[in-house]
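Report on the structure
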Amino acid sequence: MTAAGVPARRATIREVAEAAGVSRSTASRALTGHGYVAPDARDRVRAAARALGYVPDATARHLRRQASPSIGVLLSDLRNPFYAGLAAGIGQQARRRQYTMMLADDGGSPALEAEIAETFVALRVAGVIVTPVSAQVGAYLTGQRIPVIEVDRQFSAGECDAVLVDNGSAAERVTARLLALGHRRIALATDEMHWTTGRDRLAGFRAAYAAAGVRLDESLIVTAGWDVGAARVEIHKLLGRPSPPTAVFAANNVLAEAVWRVAAELELSIPDRLSLVSFDDVPWMSMVTPGVTAVAQDTVALGEAAVSQLCERILAPSAPARTVLLSAAVVSRGSTAPPFRLS
């Protein structure tokens, strides 16, 4: 014992077995619950383990089984409420399924994404849930025989499972609302056009214009990234044009924040001078006045569905790849109105 009364080293399974008067294999079965052990012997083993402060060696157990009861979760930016909610949903469902979640943030970097994926393989995780920023991560993990679920966006359709939101339909609905109010110059501020989220939201935006029979001004489609600071620069340029848009559809919550801030700086009151809608509903949107109309993705349900799909894949590794599509709701608040017109 140390001076503080703490054991100088961790107790071993051999010491637990000796204290309980059983063999090492019997002690192991009693502690893991795998295999029969007489009730009296099981109780002695567990009492000895508690008394000695024994903690099972998870690494050794994982090496024997070739996998751990853990799932790797690789997300893009945990500072963003969307990814934080997604992690919460994954964690809740993982616990229900008796898995431990190993959570990592790649910051949107393909290089860091690849590095973390290699770490998950080395740790022998049972599977990986990823918001991919490249096609390579899915290919690498499947090549290592690690079940992988792409969530939120998809790079490997047909190669691995995915759980997505129906971005196109939701984008079309919210754009149609602006068109119905009389807006014709609606800007779409989007992030990465090579991601399925950006492409599908753009497709929905275009579909709403086509359905309304209204000509779309392509110059109003701007790529503004997914960092508030950089996005504000692009939004300043957009709203400062000689013929600015009367409404903006921000394709994610970060871009919506940039639009809100720039509108305030330019003294463009929402919704009197500028209407705003967002894809992603995060807490601040219901705390400001007026509240921001937004497409609400149930991030917790998205995370839970990803874990459920991963568990199905673990049980049926050779089943065809499957894409699960979840719907999203439009939450109406006070950030939209008919377009401003000079009297």
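Small disclaimer: the values here were computed from a predicted structure and weren't measured.

Overview of the overall build of the chain
For the chain, the helix and strand inventory stands at 12 helices and 12 strands. Projected onto its principal axes, the C-alpha positions of the chain cover 95 × 50 × 35 Å. With 343 residues in all, the chain has 48% of them scored as buried. The contacts in the chain between residues at least 6 apart in sequence include a share of 67% that link residues at least 24 apart. As displayed, the chain has an accessible area near 16,300 Å², and 54% of this comes from carbon and sulfur atoms. Here the chain carries 36 positive and 33 negative side-chain charges, and the mean point of each set is 6 Å from the other.

What about the sheet that holds strand β6 (residues 186-190)?
A sheet is described by the order of its strands in space; here 6 strands give the open sequence β7-β6-β8-β9-β10-β12, paired in mixed fashion. Edge positions in the open sheet fall to β7 (221-223) and β12 (329-331), since each of these has one partner strand only. Recorded for the sheet is a direction-independent mean angle of 20° between the axes of neighbouring strands. Pairing of strand β9 (residues 275-279) with strand β10 (residues 293-296), which is carried by 3 bridges, proceeds in the parallel orientation. In the sheet register, Phe 279 faces β10, and the bridge partner there is Val 295.

What about the pattern of salt bridges?
A side chain of one charge can pair with a side chain of the opposite charge when the charged atoms of the two come close. Taken as a whole and judged by the stated rule, the model has 13 salt bridges. The partner of Glu 304 in a salt bridge is Arg 96, with the nearest N and O atoms 3.2 Å apart. Remark: Arg 96 occurs in helix α5 (residues 81-96) and Glu 304 occurs in helix α12 (residues 299-315); sequence separation between them is 208 residues. For Arg 96, a relative accessible area of 52% translates into the label exposed.

Things to note about the environment of Leu 86
Within the secondary structure layout, Leu 86 lies in helix α5. A C-alpha to C-alpha distance of 24 Å links Leu 86 and Gly 229, two positions 143 residues apart in sequence. Excluding residues that lie within four positions of it along the chain, Leu 86 makes contacts with Leu 75, Thr 131, Val 151, Thr 299, Leu 302 and Gly 303.

Brief notes about the sheet that holds strand β1 (residues 70-75)
Spatially, 6 strands are ordered β2-β1-β3-β4-β5-β11 in an open sheet, and the strand pairing comes out parallel. With partners counted over all chains shown, the strands left at the sheet margins are β2 (100-105) and β11 (323-326), one partner each. For this sheet, the mean angle separating the axes of adjacent strands, direction not counted, is 15°. The pairing of β1 with β2 spans 6 bridges and is parallel. The partner of Ile 71 across the bridge, within β2, is Met 101.

A look at helix α2 (residues 24-32)
Taken together, the buried positions of α2 are Thr 26, Ala 27 and Ala 30. Relative to the axis of α2, the buried residues are bounded by an arc of 100° and lie together on one face. Turning to α2, the residues buried within the fold contact α1 (13-20) and α3 (39-52). Where α2 terminates, the next one or two residues include Gly 33, which has phi positive at roughly 80°.

Thoughts on the packing of α2 against α3
A pair of packed helices is characterised by two quantities: the angle between their axes and the separation of those axes. Put simply, α2 and α3 touch, their axes get as near as 9 Å, and they point 85° apart. Looking at the two axes, α2 sits roughly perpendicular to α3. Along its contact with α2, which presents Ala 27, Ala 30 and Leu 31, the element α3 presents Arg 42, Val 45, Arg 46 and Ala 49. Taken together, the residues of the contact of α2 with α3 break down into 5 nonpolar, no polar and 2 charged.

Looking at the confidence of the model for the chain
The share of residues in the chain with pLDDT of 70 or more is 93%, and the mean pLDDT across the chain is 90. Confidence scores differ between elements of the chain, with helix α4 (residues 58-65) showing the lowest mean pLDDT of 52 and strand β8 (residues 247-250) the highest of 98. Between residues 1-7, whose pLDDT stays under 50, and residues either more than four places distant or in other chains, the model counts 5 contacts.

Focus on the environment of Leu 266
Here Leu 266 shows up in the loop between α11 (253-265) and β9. Sequence separation between Leu 266 and Ile 235 is 31 residues; the distance between their C-alpha atoms is 11 Å.

Conventions used here
- Residues numbered from 1 in each chain as written.
- Predicted model: local features only at pLDDT ≥ 70, side-chain atom pairs only at ≥ 80, totals over all residues.
- Heavy atoms only, no water.
- Helix = DSSP H or I, 4+ residues; strand = E, 2+ residues; numbered from the N terminus.
- Buried < 20%, exposed > 50% of the residue type's maximum accessible area, 1.4 Å probe, protein only.
- Contact = heavy atoms within 4.5 Å.
- Areas by Shrake-Rupley, 256 points an atom, 1.4 Å probe, with all protein chains shown as cover.
- Lys, Arg positive; Asp, Glu negative; His and termini not counted.
- Charge placed at Lys NZ, Arg CZ, Asp CG, Glu CD.
- Pairing = 2+ DSSP bridges.
- Axes fitted to C-alpha atoms, helices over the stretch in contact; angles between N-to-C directions.
- Salt bridge = Lys/Arg side-chain N within 4 Å of Asp/Glu carboxyl O.
- Arc of directions from axis to C-beta.
- Parallel < 35°, antiparallel > 145°, perpendicular 65-115°, else oblique.
- Nonpolar A, V, L, I, M, F, W, Y, C, P; charged D, E, K, R; others polar.
- pLDDT = per-residue confidence, 0-100.

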